[in-house]
Amino acid sequence: MEKQGYLGIDVGSISTNLVMISEDGGVLFQAYTRVDGDPIESIQKALSAMRDVLPEGFRVCGAGVTGSARYLIGGVIGADVVKNEISAHARAAIHLHPDVKTIFEIGGQDSKVTVVRDGVVVDFAMNLVCAAGTGSFLDSQAKRLNISIEELGEKALLSDTPTAIAGRCTVFAESDMIHKQQAGHRQEDIIMGLCHAMVRNFLNNVCTGKDIESPVVLQGGISANKGIRRAFESMLGSRPIVPRYNMVMGAYGAALIASDAGVRRTSYRGYEVCDLRIITSSFICSDCENRCEIVEVSDRREALARSGGRCRKWEGRVTKPGPPG
Amino acid sequence: MSGSKRTDYRSVAMPRALWYHLYPGMWEVFFRSLGLSVVVSAKTDRATVERAALISEPEHCLPLKLHDAHLHGVVGAADVVFIPRVLSTLTEHIACPKLGSLPDCAVAQFGDETPILTIDIDENKRSVHRSMLELGSELGFRRNATRAAAAAALSAMKTERNGLKTCIDREDDYFLILAHPYILHDAYVSAPVFGKLDAMNVKWLFPDYGCESIESGPIKWDACGIMHDALLRLDAGRCVGVIHLSAFNCGCDSIVMEVFRGLLWEKNIPYMTLVIDEHEGRAGLDTRLEAFVDSIGWRNTLDNAV
């Protein structure tokens, strides 16, 4: 077993993912954990699980963080590199599939398309505020049908005549599904119709104006769903590649980027992070009329990180606000 | 319009939104030079956005919602509220049609509480300078006084505009920011974007919205026409990328975006659209800006390698 490596963490809206890689980019450890409302606790759990797997005395040479909570978590764990999730996902996909031309990444709250040519990102797009093309759309519909998300994927494959479902909006999709179910459509056809609706929504909205060419790599939480894979295949006319570490590609990319960065001395706090008693508090900044809420994360001794506010003055700062004026 | 004689107005109020930003600094200097005291609503802050969400039609674009909130804030603050009917700010072009309805909407909504003063701004018929002269004479001011006020107003606007970074033909390694002036000049809306670009140490410029005329092109909306004209002149060796900041639901932008995308594709200049609305989340905005700047860095590495 390797004695040292680079850590990557992806703190998304639904899952917190963690990957440890060796110096040549091989994956030594990976974890996919549900956030369940507390990203810091989920990281502590994943790090403890990693401690049980990696050998005693394993040295972390650098740590990278990505995902929507990257700045906050970067401060907590002492990351060397903080990277946006589009670059992180692309880094990992290109590493595993150097000939990739299109990356579809569909997570819990957002979905993205990244266009790659000759191993570099040349274009990308993300969904807007609407969640109709994301994992939470499927999650909520699975809940409504009272089946697990895994069952949903399996069931979809049983369908040979998918029902047409309106996929423009979760609200319409839901009422449409109820209507189709009352009209006597089989459940597997409705489910496969749902997968089609979601993929159609993604291709029509997020991918508008993008140059979609094969090979296509499909990653993110939703790439585990067989119904979705099948829907992509039938709509693209070719089977998308689902990479080996499809669920944790953001974290993998963050680790690779940390390894690229040539970190001399890492600022990563190590397993000490597991023992931090994290307290999250917030205060209202009174420096201007906007009165933004600033979130502060601290352990018992010191403030570790802050985020929030329309201006950038609190980002990463760890000094207490002075008296107004 | 009102029962009182218009020469009796001693003060005028205006919302700091939409059309106000099309003529930066101009209207208050005009009225002040005529001896009126001027009340302009305070700059947009969180309270303005909250008020907009409360009182405005949910389907409106953010700038229009903000106009409603700013207007609400100045009704009663002066003898009269001024809202011009902006039909065109550039010859051979038209303004977003929503701007033309604003004075009527204001009368419908607040007509019982305040008189609304308006004047047509239509560059296809007369210059904004002449519109000011007409407004002055309607208000009963002597011709000389109105002339002096209009001249002072135009010169104030020119000074204000000179402070903007618009020299796209002379700078290198910059990002061009496309956005309607009422987005650019409303710091509450645009500051998160500009702040992020500054934090990443990238240089950014605007097209010159103060230009008097442009060559007639396919796009007939005034600000969008100016953006298009700037893109035609854009040099891929100097401009590294174009960021289009657009308000959610903007009909004009939704159409021109496809034209811009095609044009920049041919010029091999990366183009990204950022849609903004009243939702506070900044994470998505930061991610997009970071990834865009990243991808351009990667692209340059590729170009250098070839």
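Every value quoted in this text rests on a predicted model; they were computed, and no experiment measured them.

This brings us to the pattern of salt bridges. Pairs can form between side chains of opposite charge whenever their charged atoms are close. Tallied over the full model, the rule gives 30 salt bridges over all chains. Of the charged contacts in the structure, one is a salt bridge between Arg 34 of chain A and Asp 139 of chain A, with a shortest N-O distance of 3.9 Å. In this pair, Arg 34 of chain A sits in strand β3 (residues 27-34) while Asp 139 of chain A sits in helix α4 (residues 135-144), placing the two residues 105 residues apart along the sequence. A salt bridge links Asp 120 of chain B to Arg 85 of chain B; the nearest nitrogen and oxygen atoms lie 3.2 Å apart.

For the rest of this paragraph, the subject is the domain arrangement of chain A. Entries for chain A in the domain assignment read domain 1 (4-89 + 251-275), domain 2 (98-242) and domain 3 (277-325). Of note, the centres of domain 2 of chain A and domain 3 of chain A, computed from C-alpha atoms alone, are 39 Å apart.

When we look at burial in helix α6 (residues 102-110) of chain B, the residues that qualify are Leu 102, Pro 103, Ala 106 and Phe 110 of chain B. With its buried residues spanning 100° around the axis, α6 of chain B presents them on a single face.

All names here are of chain A. A sheet is described by the order of its strands in space; here 4 strands give the open sequence β8-β7-β6-β9, paired in mixed fashion. Either end of the sheet is taken by a strand with one partner, and the two such strands are β8 (120-126) and β9 (216-219). Neighbour-to-neighbour, the strand axes of the sheet open up by a mean angle of 15°, direction not taken into account. Note: strand β6 (residues 102-106) against β9, 4 bridges, orientation parallel. The partner of Phe 104 across the bridge, within β9, is Leu 218.

Once that is clear, we can look at the domain arrangement of chain B. Accessible area lost during the coming together of the parts is what is often quoted as the interface size. Residue and element names in this part refer to chain B. Structurally, chain B comprises domain 1 (6-160) and domain 2 (174-305). A straight line from the C-alpha centre of domain 1 to that of domain 2 covers 27 Å. Contact with domain 1, which involves 25 residues of that partner, is made by 24 residues of domain 2. Buried surface at the junction of domain 1 and domain 2, summed over both partners, amounts to about 2,100 Å²; 64% is from carbon and sulfur atoms. If you sort the residues of domain 1 by the area they bury against domain 2, His 21, Leu 90 and His 93 come out on top, with a joint share of 28%.

What counts as what
Residues numbered from 1 in each chain as written. Chains lettered and ligands numbered in written order. Predicted model: local features only at pLDDT ≥ 70, side-chain atom pairs only at ≥ 80, totals over all residues. Heavy atoms only, no water. Salt bridge = Lys/Arg side-chain N within 4 Å of Asp/Glu carboxyl O. Helix = DSSP H or I, 4+ residues; strand = E, 2+ residues; numbered from the N terminus. Domains from an automatic or database assignment. Buried < 20%, exposed > 50% of the residue type's maximum accessible area, 1.4 Å probe, protein only. Arc of directions from axis to C-beta. Pairing = 2+ DSSP bridges. Axes fitted to C-alpha atoms, helices over the stretch in contact; angles between N-to-C directions. Contact = heavy atoms within 4.5 Å. Buried area = accessible area lost by both parts, 1.4 Å probe.

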